[in-house]
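One letter stands for each residue in the lines below.
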Amino acid sequence: MEFFDVIKSRHSIRAFIDRPVEADKIRKVLEAANSAPSAHNAQNYVIFLMEGKNKTAKLKSAAKQEFVYTAPAVLVFCANIETEDKDSKRPLPNIFPVQDATIAASYAQLAVTALGLGCVWVGSFDPDKLSEAVGAPKTLAPVMLMPIGYPAENPAPKPRKKLEDIVHRV
Ligand SMILES: Cc1cc2nc3c(=O)[nH]c(=O)nc-3n(C[C@H](O)[C@H](O)[C@H](O)COP(=O)(O)O)c2cc1C
């Protein structure tokens, strides 16, 4: 798919058919995330991949929305909040790892669309329960969840603000 077509055709998908996502497609999504820019190229984030039926029990209390724990695959992006600059060894501002994780997730989201799959960015979850569900240490802060699968819906595009309302020429 052409890049701008990918952007245009990406809509949040919250219903998936009961079909596993092929391993090579998951790998492409993860490779897209891995190609994202990051502060100092440090990639201060971790992605947890959950597949199969047993993730349901683990995720149910962490993410209340059903489409999350019933999706064929779920990625959990976590920021590594205990990080230091490679050269100076000084702590990196916490906002960098969060940005790293967020940009990587954005790349993954577009790759999902380009591969004919669907996903939705999920920011509502219980962070402690989600950390427990994926076995993340306290130094990894969950940033977002991405349920992925073959779409069982074709939602209409959501409206956006006018460019003039978000862009301010200064
Ligand atoms: C930071 C963030 C948090 C979000 N959290 C949720 C969520 O918890 N549950 C959900 O169903 N959608 C969530 N969404 C998806 C948005 O509702 C969706 O992107 C928005 O309504 C625009 O629709 P579109 O993605 O189809 O263009 C979130 C999106 C972002 C960027």
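Provided above is the structure to which this section pertains.
Residues numbered from 1 in each chain as written. Predicted model: local features only at pLDDT ≥ 70, side-chain atom pairs only at ≥ 80, totals over all residues. Heavy atoms only, no water.

## Details of the overall build of the chain
Here comes step 1: When helices and strands are counted, the chain shows seven helices and four strands.
Here comes step 2: When its helices and strands are written in sequence order, the chain yields α-α-β-α-α-β-α-β-α-β-α.
Here comes step 3: Against the globule reference of 15 Å for 170 residues, the chain gives a C-alpha radius of gyration of 17 Å, in line with a compact fold.
Here comes step 4: Looking at the 170 residues of the chain, the share that counts as buried comes to 39%.
Here comes step 5: Considering only residue pairs separated by 6 or more positions, the chain has 78% of its internal contacts joining residues 24 or more positions apart.
Here comes step 6: Carbon together with sulfur atoms contributes 55% to the accessible area of the chain, which is approximately 10,200 Å² in total.
Here comes step 7: Between the averaged position of the 22 positive side-chain charges in the chain and that of its 19 negative side-chain charges there is a distance of 4 Å. (Helix = DSSP H or I, 4+ residues; strand = E, 2+ residues; numbered from the N terminus. Rg over C-alpha atoms; globule rule 2.2 N^0.38 Å. Buried < 20%, exposed > 50% of the residue type's maximum accessible area, 1.4 Å probe, protein only. Contact = heavy atoms within 4.5 Å. Areas by Shrake-Rupley, 256 points an atom, 1.4 Å probe, with all protein chains shown as cover. Lys, Arg positive; Asp, Glu negative; His and termini not counted. Charge placed at Lys NZ, Arg CZ, Asp CG, Glu CD.)

## A word on the site of the ligand
Here comes step 1: Inspection of the region around the ligand gives 13 residues, with Ser 12, Arg 14, Trp 121, Gly 123 and Arg 160 positioned closest.
Here comes step 2: Residue Ser 12 places a side-chain N or O atom 2.5 Å away from an oxygen atom belonging to the ligand.
Here comes step 3: Within the backbone of Gly 123, one N or O atom sits 2.9 Å away from a nitrogen atom of the ligand.
Here comes step 4: In isolation the ligand has 620 Å² of accessible area, and contact with the protein removes 64% of it.
Here comes step 5: Looking at the shell around the ligand residue by residue, the classes come out as four nonpolar, five polar and four charged. (Near = heavy atom within 4 Å. Polar contact = N/O pair within 3.5 Å; in protein donor to acceptor, adjacent residues only side chain to side chain. Nonpolar A, V, L, I, M, F, W, Y, C, P; charged D, E, K, R; others polar.)

## Examining the pairing of strand S2 (residues 73–80)
Here comes step 1: Judged by how many residues are buried, S2 sits mostly within the fold: seven of eight residues are covered.
Here comes step 2: As judged from the seven bridges shared by strand S1 (residues 45–51) and S2, these two strands associate in the antiparallel manner. In the sheet register, Glu 51 faces S2, and the bridge partner there is Ala 73.
Here comes step 3: Pairing geometry for S2 and strand S4 (residues 140–149), over eight bridges, is antiparallel. From the neighbouring strand, Cys 78 faces S4, where its bridge partner is Pro 142. (Pairing = 2+ DSSP bridges.)

## Considerations on the sheet that holds S1
Here comes step 1: Taken in spatial order, the four strands of this open sheet run S1-S2-S4-S3, and their pairing is antiparallel. The open sheet terminates on both sides in strands that have one partner only, identified here as S1 and strand S3 (118–119).
Here comes step 2: With two bridges joining them, S3 and S4 adopt antiparallel strand pairing. Across the sheet, residue Gly 118 finds its bridge partner in S4, namely Gly 149.
Here comes step 3: Set on the sheet, helix H5 (residues 95–114) makes contact with S1, S2, S3 and S4; between it and S2 the angle comes to about 160 degrees. (Axes fitted to C-alpha atoms, helices over the stretch in contact; angles between N-to-C directions.)

## Some details on the state of the cysteines
Here comes step 1: As enumerated under the stated definition, the model contains zero disulfides in all.
Here comes step 2: With no disulfide partner, Cys 78 has as its closest neighbouring cysteine sulfur the one in Cys 119, 17 Å distant.
Here comes step 3: A relative accessible area of 0% places Cys 78 in the buried class. (Disulfide = S-S within 2.5 Å.)

## Considering a nonpolar patch on the surface
Here comes step 1: Together, Phe 3, Phe 4 and Ile 7 give the surface a local cluster of nonpolar side chains, amounting to about 330 Å² of exposed area.
Here comes step 2: When its relative accessible area of 40% is taken as the criterion, Ile 7 is described as partly exposed. (Patch = residues over 30% accessible without salt bridge, like charges linked within 9 Å, V, L, I, M, F, W, Y side chains within 5 Å. Salt bridge = Lys/Arg side-chain N within 4 Å of Asp/Glu carboxyl O.)

## Examining the packing of aromatic side chains
Each aromatic ring pair is characterised by the separation of its centres together with the angle its planes make.
Here comes step 1: Under the criterion given, the structure shown has one aromatic pair.
Here comes step 2: Summarising the aromatic geometry, the rings of Phe 3 and Phe 4 are spaced 5.2 Å apart at their centres and angled 80 degrees between planes, so their arrangement reads as edge-to-face. (Phe/Tyr/Trp six-rings, centres within 6.5 Å; stacked < 30°, edge-to-face > 60°.)

## Quick notes on unusual backbone geometry
Here comes step 1: Phi is positive for Asn 41, which is not a glycine, with a value near 55 degrees.
Here comes step 2: Summarising the element assignment, Asn 41 is placed in the loop between helix H2 (23–34) and S1.
Here comes step 3: Since its relative accessible area comes to 54%, Asn 41 is described here as exposed.
Here comes step 4: Of note in the backbone geometry, Gln 43 takes a positive phi value of approximately 45 degrees without being a glycine.

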